[in-house]
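# Descriptive structure summary
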Amino acid sequence: MEKFQLLPLGVQDFSILREGDYLYVDKTSLVYELTHTQRAVFLSRPRRFGKSLLLSTIKYYFLGRKDLFSGLAIEQMEEQGKDPWSEYPVMYFSLASGEFMEKDGLAKKLRTSLNDFEEKYGLPHDEVSLAIRFAKALENANKKTGRKVVVLVDEYDNLKNMTVNPQQEEANRNLYKAFFATLKDCDEYLRFYMFTGVTKFSKVSIFSDLNQLNDISMNEQFAEICGITEEEMISNLEPEIKAMAEKNQISEDECVQKLKQMYDGYHFHHNGKGVYNPFSLINALYAKEFSLYWFATG
C-alpha cells in the first residue's frame, strides 16, 4: 500500500512542520545563501506563496535550532561554516493580523512584539516612544547576548484600512516610517533583517527612509526561494500525483500536465524556472481535485 505524506495544509510555522513530520520541500540551501550574502532584505511574493513559512524557517535557523534542520541541505552547509548553529536574538513582527483601523491598532501590534522580545531576553522596559524603545531593545539585546540581532517583519503591507479610513492609513504610514527607520541608525546591532509583503508600491512610501533594503523579489539567485518547481513537485510528491491521477482516471503524465496548466507559470526572473503556487498545489493533491484554490481565498 502506498504511503502518503502529511501535507502541510495551513502550516506556516517551521517547527510545527518539522516536528509534525509534514512534507517539506527543502529550500534551506537558499536560506543559507540568503542569510550569508545579504543583511537587509525585502521580498515581495503573491498571497499564499510561502512567505510566512520562509521567515519562520529563517527565524529558527538564527535561533540555532539544529534539531529542526536534520537531514536538510543547510545542515551540511552550516557544519562547514564558522561557528555553526550560533544562536542570535530574534525579533519577529507578524502583521498578518491586527486591528489596524483602530487609532492605536498598529502601535499595539508593534508594542506587543517589543514586549515579547524584551521579556524573552530579560531586557529593561522604558516608557518612551516606540521608535526609541525599539532602538534600545536592539542595543540592549546585543550587549546582553554578545550577538547581533535578527529582525523579521512578515506581511509588512497588511494595513487593512486603505479605503475605509484614509486619515488612519496616513497615521499608520507615518508610524511605520518612524519605527522602522530605527534600523538604519542601529546597523551596528544588527546581523540580518528582512521584510516580506505582497506589494512593492507601499514599500516606496513606507520605507523611503529605509533605502538600504535590497529588493530580491526579481533576483535570479532567489527566484525559487518560495514556490515549488516542477522538479521539486515530481521528486517530493510522486505518491500524491499517482493517487490524484488514479482518482481522476488519467495517466500520471496527464496529471502533471494538468497541474502545470492550472498552478504553474509564476516566474520571478526572466531566466528563472517557473514555480507552482504551493497553496493551490498542496490543496489540489490533498483533495485530488483540480480547482481554483488560490482564487477562492481572495
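Residues numbered from 1 in each chain as written. Predicted model: local features only at pLDDT ≥ 70, side-chain atom pairs only at ≥ 80, totals over all residues. Heavy atoms only, no water.

### Re the overall build of the chain
Of the regular secondary structure elements, the chain holds 13 helices and seven strands. Computed over C-alpha atoms, the radius of gyration of the chain comes to 20 Å, within 12% of the 19 Å expected from 2.2 N^0.38 for 298 residues, which places it in the range of a compact globule. On the principal axes, the C-alpha backbone points of the chain span a range of 65 × 50 × 35 Å. By the burial criterion, 50% of the 298 residues in the chain qualify as buried. Here the analysis covers contacts within the chain between residues at least 6 apart in sequence; of these, 73% occur between residues at least 24 apart. Carbon and sulfur atoms provide 49% of the accessible area of the chain, an area that totals close to 14500 Å². Charged side chains of the chain number 36 positive and 44 negative; the gap between the two group centres comes to 4 Å. (Helix = DSSP H or I, 4+ residues; strand = E, 2+ residues; numbered from the N terminus. Rg over C-alpha atoms; globule rule 2.2 N^0.38 Å. Buried < 20%, exposed > 50% of the residue type's maximum accessible area, 1.4 Å probe, protein only. Contact = heavy atoms within 4.5 Å. Areas by Shrake-Rupley, 256 points an atom, 1.4 Å probe, with all protein chains shown as cover. Lys, Arg positive; Asp, Glu negative; His and termini not counted. Charge placed at Lys NZ, Arg CZ, Asp CG, Glu CD.)

### Regarding the environment of G272
For G272, the location among the structural elements is in the loop between helix 12 (252–263) and strand 7 (275–276). The class of G272 is buried, set by a relative accessible area of 16%.

### Here's the deal with the packing of helix 5 (residues 105–120) against helix 6 (residues 130–145)
Where helix 5 contacts helix 6, the axes come no closer than 11 Å and their chain directions differ by 20 degrees. Between helix 5 and helix 6, the crossing angle belongs to the class labelled roughly parallel. Note on packing geometry: the crossing formed by helix 5 with helix 6 is left-handed. For the pair helix 5 and helix 6, contact is made by A107, L110, R111, L114, N115, F117 and E118 and by L130, R133, F134, A137 and A141, respectively. (Axes fitted to C-alpha atoms, helices over the stretch in contact; angles between N-to-C directions. Parallel < 35°, antiparallel > 145°, perpendicular 65-115°, else oblique. Left-handed = near helix turned anticlockwise from the far one by under 90°.)

### Overview of the pattern of salt bridges
Following the criterion strictly, the structure yields 14 salt bridges and no others. Between R65 and E19 there is a salt bridge, with the nearest N and O atoms lying 3.1 Å from each other. You can see R65 sitting in the loop between helix 3 (51–62) and helix 4 (73–79) and its partner E19 sitting in helix 1 (residues 14–19), a full 46 residues away along the chain. The class of R65 is partly exposed, set by a relative accessible area of 26%. E19 sits in the exposed class, given a relative accessible area of 55%. The salt bridge partner of K51 is E155, with a shortest N-O separation of 4.0 Å. Of the two residues, K51 is situated in helix 3 and E155 in the loop between strand 3 (149–154) and helix 7 (166–180); the sequence distance between them amounts to 104 residues. Overall, E155 belongs to the buried group, its relative accessible area being 17%. (Salt bridge = Lys/Arg side-chain N within 4 Å of Asp/Glu carboxyl O.)

### Focus on the side chain of E118
Here E118 lies in helix 5. If we ignore the near neighbours within four places in the chain, the residues touching E118 are L123, P124, H125, R133 and A137.

### Section: the environment of S86
Mapped onto the elements of the fold, S86 is located in the loop between helix 4 and strand 2 (90–94). Apart from the residues lying within four places of it in its own chain, the contact partners of S86 are Y61, F62, G64, E78 and R147. At 2.7 Å, the side chain of S86 and the backbone oxygen of D83 are in polar contact. (Polar contact = N/O pair within 3.5 Å; in protein donor to acceptor, adjacent residues only side chain to side chain.)

### Considering the sheet that holds strand 5 (residues 214–215)
A sheet is described by the order of its strands in space; here five strands give the open sequence 2-3-4-1-5, paired in parallel fashion. Edge positions in the open sheet fall to strand 2 and strand 5, since each of these has one partner strand only. Bridge count between strand 1 (residues 40–44) and strand 5: two bridges; the pairing is parallel. Paired with F42 across the strands is D215, a residue of strand 5. Sitting on the sheet, helix 5 touches strand 2 and strand 3, and the angle it makes with strand 2 is about 155 degrees. The strands touched by helix 6 are strand 2, strand 3 and strand 4 (190–197); relative to strand 3, the strand with the most contacts, the crossing angle is about 140 degrees. (Pairing = 2+ DSSP bridges.)

### A few points about the pairing of strand 1
Counting buried positions along strand 1 yields five of five residues, so the element is predominantly enclosed. Here strand 1 shows a buried face lined by A40, F42 and S44 and a second buried face lined by V41 and L43. By the bridge criterion, five bridges tie strand 1 to strand 4 in an arrangement that is parallel. Within strand 4, the position partnered with S44 by the bridge is G197.

### Some details on a negative patch on the surface
Among the surface-exposed residues, E238, E246, E252, D253 and E254 lie close enough to one another that they form a single negatively charged patch. Of all elements in the fold, only helix 11 (238–247) and helix 12 reach the threshold of two or more residues within the negative patch. The dominant element in the negative patch, judged by the number of residues it contributes, is helix 12, at three residues. Structurally, the position occupied by E238 is in helix 11. (Patch = residues over 30% accessible without salt bridge, like charges linked within 9 Å, V, L, I, M, F, W, Y side chains within 5 Å.)

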